Amino acid sequence: MDEPLLPLRTTLVFLLALLAGTTAGTLTALAGEGTPHSLLAGLATAGLAVPFFNRLIDAEGSQSQQRERADADADAGEGPGNG
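None of these values were measured; they are calculated from a predicted model.

**Q** Go over the overall build of the protein chain, please, and point to the residues and values.
**A** Within the protein chain, the regular secondary structure consists of two helices and zero strands. Here the protein chain holds 83 residues, and the buried ones make up 13% of them. Counting every atom, the protein chain has about 6600 Å² of accessible surface; 63% of that belongs to carbon and sulfur.

Encoded structure:
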């Protein structure tokens, strides 16, 4: 019961997608489009934002993990040319 329902990374991706979709829908409504167009713009933006933010956050995490692995391999003497 102590575990969260969603991991922190997933929650952050969904929150950012929700903010992007809400912003796009609001701006579309303020531009004078009707409610259906505003909803479609917001939903489309949110749908496209999920993979974008997922890849963006994953790219930052995987780069630091690769650096940590490279440092660990260098410390262990297991690098290219050592083995």
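**Q** For helix α1 (residues 8-30), give the residues involved together with the corresponding values.
**A** Between its first and last C-alpha atoms α1 spans 33 Å; for 23 residues at 1.5 Å apiece the expected length is 33 Å, and the two agree. Residues of α1 that are buried: V13, A17, G21, A24, G25 and T28. After α1 finishes, the residue G32 shows a positive phi value of roughly 105°.

**Q** Requested: an account of the packing of aromatic side chains, with residues and values cited.
**A** What describes a pair of aromatic rings is the distance from one ring centre to the other and the angle between the planes of the rings. Considering all chains together, one arrives at one aromatic pair under this definition. Considering the side-chain rings of F52 and F53, the 5.1 Å spacing of their centres and the 65° angle between planes classify their relative orientation as edge-to-face.

**Q** Report on the environment of P36, specifying residues and quantitative values.
**A** Its location among the elements puts P36 in helix α2 (residues 35-76). When the C-alpha atoms of P36 and G25 are compared, they prove to be 9.8 Å apart, with eleven residues separating the residues in sequence.

**Q** Go over the nonpolar core, please, and point to the residues and values.
**A** V13, A17, A49, F53 and I57 together form the largest nonpolar core, which totals five residues. Mapped by element, the contributors of at least two residues to this core are α1 and α2. Here this core gets three residues from one element, more than from any other, and that element is α2. Not counting chain neighbours up to four residues away, the residues in contact with V13 comprise V50, F53, N54 and I57.

**Q** Go over a nonpolar patch on the surface, please, and point to the residues and values.
**A** On the surface, L12, L15, L18 and L19 cluster together to form a nonpolar patch covering roughly 370 Å² of accessible area. Structurally, L18 is set in helix α1.

**Q** Give me the environment of L12: which residues, what numbers.
**A** Looking at the element boundaries, L12 is found in helix α1. With a relative accessible area of 38%, L12 lands in the partly exposed category. When the C-alpha atoms of L12 and I57 are compared, they prove to be 9.2 Å apart, with 45 residues separating the residues in sequence.

**Q** So what's going on with the side chain of S38? Residues and values would help.
**A** Its place among the elements puts S38 in helix α2. Residue classification places S38 among the buried positions, given a relative accessible area of 9%. Polar contacts involving the side chain of S38 include one to the main-chain carbonyl oxygen of G34, which spans 3.0 Å. In this structure S38 touches G25, T28, A29 and E33, once residues within four positions along its chain are discounted.

Calculation rules
- Residues numbered from 1 in each chain as written.
- Predicted model: local features only at pLDDT ≥ 70, side-chain atom pairs only at ≥ 80, totals over all residues.
- Heavy atoms only, no water.
- Helix = DSSP H or I, 4+ residues; strand = E, 2+ residues; numbered from the N terminus.
- Buried < 20%, exposed > 50% of the residue type's maximum accessible area, 1.4 Å probe, protein only.
- Areas by Shrake-Rupley, 256 points an atom, 1.4 Å probe, with all protein chains shown as cover.
- Expected span 1.5 Å × (residues − 1).
- Phe/Tyr/Trp six-rings, centres within 6.5 Å; stacked < 30°, edge-to-face > 60°.
- Core = buried A, V, L, I, M, F, W, Y, C linked by side-chain atoms within 4.5 Å.
- Contact = heavy atoms within 4.5 Å.
- Patch = residues over 30% accessible without salt bridge, like charges linked within 9 Å, V, L, I, M, F, W, Y side chains within 5 Å.
- Salt bridge = Lys/Arg side-chain N within 4 Å of Asp/Glu carboxyl O.
- Polar contact = N/O pair within 3.5 Å; in protein donor to acceptor, adjacent residues only side chain to side chain.

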